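# Remarks on the overall topology
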Amino acid sequence: MTDVELRQLRYFVAVAEELNFGRAADRLLIAGPSLSQQIKALERDLGVRLFDRDRRSVALTPAGADLLPHTRALLERADDLRCRAGRLAGSEAVRLGYVNWLPADLATRTAGVAQVHVDAWVAPSHTQAARVADGSLDLAVCWVRDADLERHGLSARLLGADRLYAVSTATGTGTGDVRARDTTVLLDDDTHSWSSWNDYAERLAHDTGAHAVPISDGGITGPAFFDHVRRSRRPIVNSPKGQTASLPSDLVRREITEPSVHWTWSLVRRGSETRAAVLAAVDALCDGVGDLGLRAPDAWLPEGDPHR
């Protein structure tokens, strides 16, 4: 038993619940042959066969069925131990970066778990994700794609989401809801600052028929954005950085439909992270977040979004 790892026990539970090695491997984000080898190693260490398996089916053996509830209880105790350790590690500093949004109750939710220090450098999503990967930050609130997570060796959990809206003049183009295909979305040629937004906007245009318009004046947000709206014949999709900005009196907010357009905020950490305070801070911030409307029938997220 000294060689048995909690990781192997989690693998056992996953296979027992799926009764299919392929589905269990997908759920665990590991290769099928590796999962099979780990289960065989666990059976060897325990001295019992856990599964009867052939090319067509997988079934628990009597020994596997007997050990399953005990294994689940052991894993629950291990998780509880980690949470308790995290609370005891509340004095440990955790560095967190962000783009422009943080939960209003961040300090309350992490109190007693870790000393979360919000980094003063507000940077674009791709920059903050890279800083987590290189160790400059422990966590970051940013927009990421599956490809970013894989390239940097990161893990992401859903922390927040914005339903994006469009902005138009108060006269001329209407004031009610607008279909996504009848909107314009801006692409900025400053790819260092707007790399994530440009990628998102291009996918939005491709998937919904929204009209993509390149710009070179930094007008994704602020007064320059409002000027683009005044010149445009179509409502323009507002970026996440402008979601809370007050609109001038001559402009109006319009809900986007068919589909509703969403932007996600992930809490990103290193996939290899083992520090109890960091892991506890992630759980404190993300547990109970829910789907934030992303599972609605008309909700749109771009391909590659980890929460799609």
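Read on for a plain summary of the structure. (Residues numbered from 1 in each chain as written. Predicted model: local features only at pLDDT ≥ 70, side-chain atom pairs only at ≥ 80, totals over all residues. Heavy atoms only, no water.)

### Focus: the environment of Arg270
Secondary-structure assignment places Arg270 in strand β13 (residues 260-270). For Arg270, a relative accessible area of 16% gives the class buried. Along the chain, Arg270 and Pro62 lie 208 residues apart, while their C-alpha atoms are 39 Å from each other. Once residues lying within four places of it in the same chain are set aside, the contact partners of Arg270 are Val132, Ala133, Gly135, Leu137, Asp138, Gly153, Leu154 and Ser155. Within the local environment of Arg270, its side chain forms a polar contact with the backbone oxygen of Val132, the two atoms lying 2.7 Å apart. (Helix = DSSP H or I, 4+ residues; strand = E, 2+ residues; numbered from the N terminus. Buried < 20%, exposed > 50% of the residue type's maximum accessible area, 1.4 Å probe, protein only. Contact = heavy atoms within 4.5 Å. Polar contact = N/O pair within 3.5 Å; in protein donor to acceptor, adjacent residues only side chain to side chain.)

### A few points about helix α9 (residues 222-231)
Those residues of α9 that fall on the buried side of the exposure criterion are Phe225, Phe226, His228 and Val229. Buried residues in α9, looked at end-on, bunch into an arc of 155°, giving them a common side. Exposed positions of α9 whose direction lies more than 90 degrees from the buried face are Pro223 and Arg231. Tucked inside the fold, the buried residues of α9 contact β7 (165-169), β9 (184-188), β10 (211-215), β11 (236-237) and β12 (251-257). (Arc of directions from axis to C-beta.)

### A look at helix α1 (residues 6-18)
The terminal C-alpha atoms of α1 lie 18 Å apart, and with 13 residues this matches the ideal 18 Å at 1.5 Å per residue to within 8%. Turning to α1, its buried residues number three or more, namely Gln8, Leu9, Tyr11, Phe12, Val13, Ala14, Val15 and Ala16. (Expected span 1.5 Å × (residues − 1).)

### Some remarks on the nonpolar core
Counting residues in hydrophobic clusters, the biggest one holds 58 residues, and the most contacted among them are Leu96, Leu139, Val185, Trp197, Tyr200 and Leu267. Tallying contributions element by element places helix α10 (residues 276-286) first for this core, with seven residues. Setting aside chain neighbours within four positions, we find Trp197 in contact with Leu164, Val185, Leu186, Ile220, Val237, Asn238, Ser239, Pro240 and Trp263. Formed by 19 residues, the second largest nonpolar core is a distinct cluster that contains Phe12, Val13, Ala14 and Leu50. (Core = buried A, V, L, I, M, F, W, Y, C linked by side-chain atoms within 4.5 Å.)

### A word on the packing of aromatic side chains
Following the criterion strictly, the structure yields 11 aromatic pairs and no others. Aromatic side chains Trp197 and Tyr200 sit 5.5 Å apart centroid to centroid with 25° between the ring planes, which places their arrangement in the stacked category. Residue Trp197 and its partner Tyr200 are located together in helix α8 (residues 191-208), separated by three residues, close to a single helical turn. Assigned by exposure class, Trp197 and Tyr200 land together as buried. Geometrically, the ring pair formed by Tyr200 and Trp300 is edge-to-face, given 5.4 Å between the ring centres and 75° between the ring planes. In this pair, Tyr200 is assigned in helix α8 and Trp300 in strand β14 (residues 299-300), connecting sequence segments 100 residues apart. In this structure, Tyr200 and Trp300 share a single accessibility class: buried. (Phe/Tyr/Trp six-rings, centres within 6.5 Å; stacked < 30°, edge-to-face > 60°.)

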